[in-house]
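Reading the structure
Okay, here's what each chain looks like letter by letter:
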Amino acid sequence: MMSRFLFLFLSQCIICLGQEVVYLNSFGYPIVDLNAYPAEFIKVTTQKNGVIQSFTYNLDTVKVEHSTVLTDENGEKISERILGYYPNGEMKFNKRIDYAKDEFKETNYYEDGSLKSEIISSSMEILSETYYGVDGVVIDKPLIEDPEPKGGKKSWNNFLVANLQYPVEARSERAEGTVILAFDLDEEGAIVNPQVANPEQVHPALAAEALRILLIYPENWNPKKINGIPVPSEMKIPIRFKLS
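Below: a short report on this structure.

The rules we used
Residues numbered from 1 in each chain as written. Predicted model: local features only at pLDDT ≥ 70, side-chain atom pairs only at ≥ 80, totals over all residues. Heavy atoms only, no water. Helix = DSSP H or I, 4+ residues; strand = E, 2+ residues; numbered from the N terminus. Expected span 1.5 Å × (residues − 1). Buried < 20%, exposed > 50% of the residue type's maximum accessible area, 1.4 Å probe, protein only. Arc of directions from axis to C-beta. Contact = heavy atoms within 4.5 Å. Pairing = 2+ DSSP bridges. Phe/Tyr/Trp six-rings, centres within 6.5 Å; stacked < 30°, edge-to-face > 60°. Salt bridge = Lys/Arg side-chain N within 4 Å of Asp/Glu carboxyl O.

Quick look at helix α2 (residues 152-163)
Its twelve residues place the ends of α2 17 Å apart at the C-alpha level, agreeing with the 16 Å of an ideal helix rising 1.5 Å per residue. When α2 is considered as a whole, its buried residues turn out to be G152, W156, F159 and L160. Axial view of α2: buried residues confined to an arc of 115 degrees, hence all on one face. Facing away from the buried surface of α2 by more than 90 degrees, the exposed residues are K154, V161 and A162. Looking at the buried residues of α2, the elements they touch are α4 (204-215) and β17 (233-241).

Some details on unusual backbone geometry
Here T61, not a glycine, exhibits a phi torsion of approximately 65 degrees, which is positive. Turning to its location among the elements, T61 is positioned in the loop between β4 (51-58) and β5 (63-71). Residue N227 is not a glycine yet carries a positive backbone phi of 55 degrees. A relative accessible area of 51% means that N227 is categorised as exposed.

Quick word on the sheet that holds strand β12 (residues 144-145)
Think of a sheet as strands paired side by side through backbone hydrogen bonds, with each pair either parallel or antiparallel. Across the sheet, which stays open at both edges, the three strands sit in the order β12-β15-β16 with antiparallel pairing between neighbours. Since the sheet does not close on itself, it has two edges, and those belong to β12 and β16 (229-231), each with one partner. Pairing geometry for strand β15 (residues 224-226) and β16, over three bridges, is antiparallel. Looking at the pairing, K224 lines up with V231 of β16.

A word on the packing of aromatic side chains
Geometry of an aromatic ring pair is reported as the spacing of the ring centres plus the angle between the planes. Scanning the entire structure with this criterion turns up seven aromatic pairs. With 5.2 Å between their ring centres and 70 degrees between their planes, W156 and Y217 make a pair best called edge-to-face. Of this pair, W156 sits in helix α2 while Y217 sits in the loop between α4 and β15, placing them 61 residues apart in sequence. Ring geometry for F183 and W221: centres 5.4 Å apart, planes at 70 degrees, overall edge-to-face. With F183 in strand β13 (residues 177-185) and W221 in the loop between α4 and β15, this pair connects stretches of sequence that are 38 residues apart. For the pair F183 and W221, one class covers both residues: buried.

What about the sheet that holds strand β1 (residues 20-24)?
Spatially, β2-β1-β3-β4-β5-β6-β7-β8-β9-β10-β11 is the arrangement adopted by the eleven strands of the open sheet, whose pairing is antiparallel. Looking along the sheet, the strands with just one partner apiece sit at the ends: β2 (30-31) and β11 (138-139). Pairing geometry for strand β10 (residues 125-132) and β11, over two bridges, is antiparallel. Following the sheet pairing, Y131 is matched in β11 by I139.

Structural notes on the pattern of salt bridges
By the definition in use, this model includes four salt bridges. Of the charged contacts, one joins E80 and K77 as a salt bridge, the two residues approaching to 3.5 Å between their closest N and O atoms. Relative accessible area serves as the criterion here: at 12%, E80 is assigned to the buried category. Two residues, E176 and K242, come together in a salt bridge whose shortest N-O distance is 4.0 Å. Residue E176 is located in the loop between α3 (168-172) and β13, and its partner K242 is located in the segment after β17; the two are separated by 66 residues in the primary sequence. On the basis of relative accessible area, E176 is assigned to the partly exposed category, the value being 38%.

Dropping the structure here:
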């Protein structure tokens, strides 16, 4: 409790210094009404001389992510580095993006700090990738099968067309937007704990309808698989509402 109070106090000091402070929910989306939607993270951003620094912390002041963006005189991105951290403080990933050269390098780590993988790409084409076991020995690239609805995207889209309704309240207010649904999938592909990830960015009626449609989906998904073995996974999917 004390750490949360201290952190809120520090955030007010940061605001006084002219830096931007944004509260985020558990899915990383901004929230304003802290009474309706509890904050899980706080993001502090500063900008000076073409350098944009962002630090994301949890409410116990543990650093979760740090990004540094270099921009040109027009505000366009030149390069970016994103660092992610485990709860124990060890680095989780290091991503470097060169926008001018369209190059990307990602280095991932195990929670004990040992190297997990290195991936280098250019113009969306992978140039090299190396994977390591927990003992540091090079291993084969894991075969990952992404989760998807039974029948694939076409089946899911057909289900939306047949069942999704534009709420009368939202239509009368000319409300549009994209609802981001977040949920877990277990090893069987069952949907667990579905939620709206961006509740303050969309009309409540649109959020409710998107959540309803997910809850009535009659089948399990095809679960994520690593080397042929089903594993739990986290999902985010968009449902777009647009008036004709």
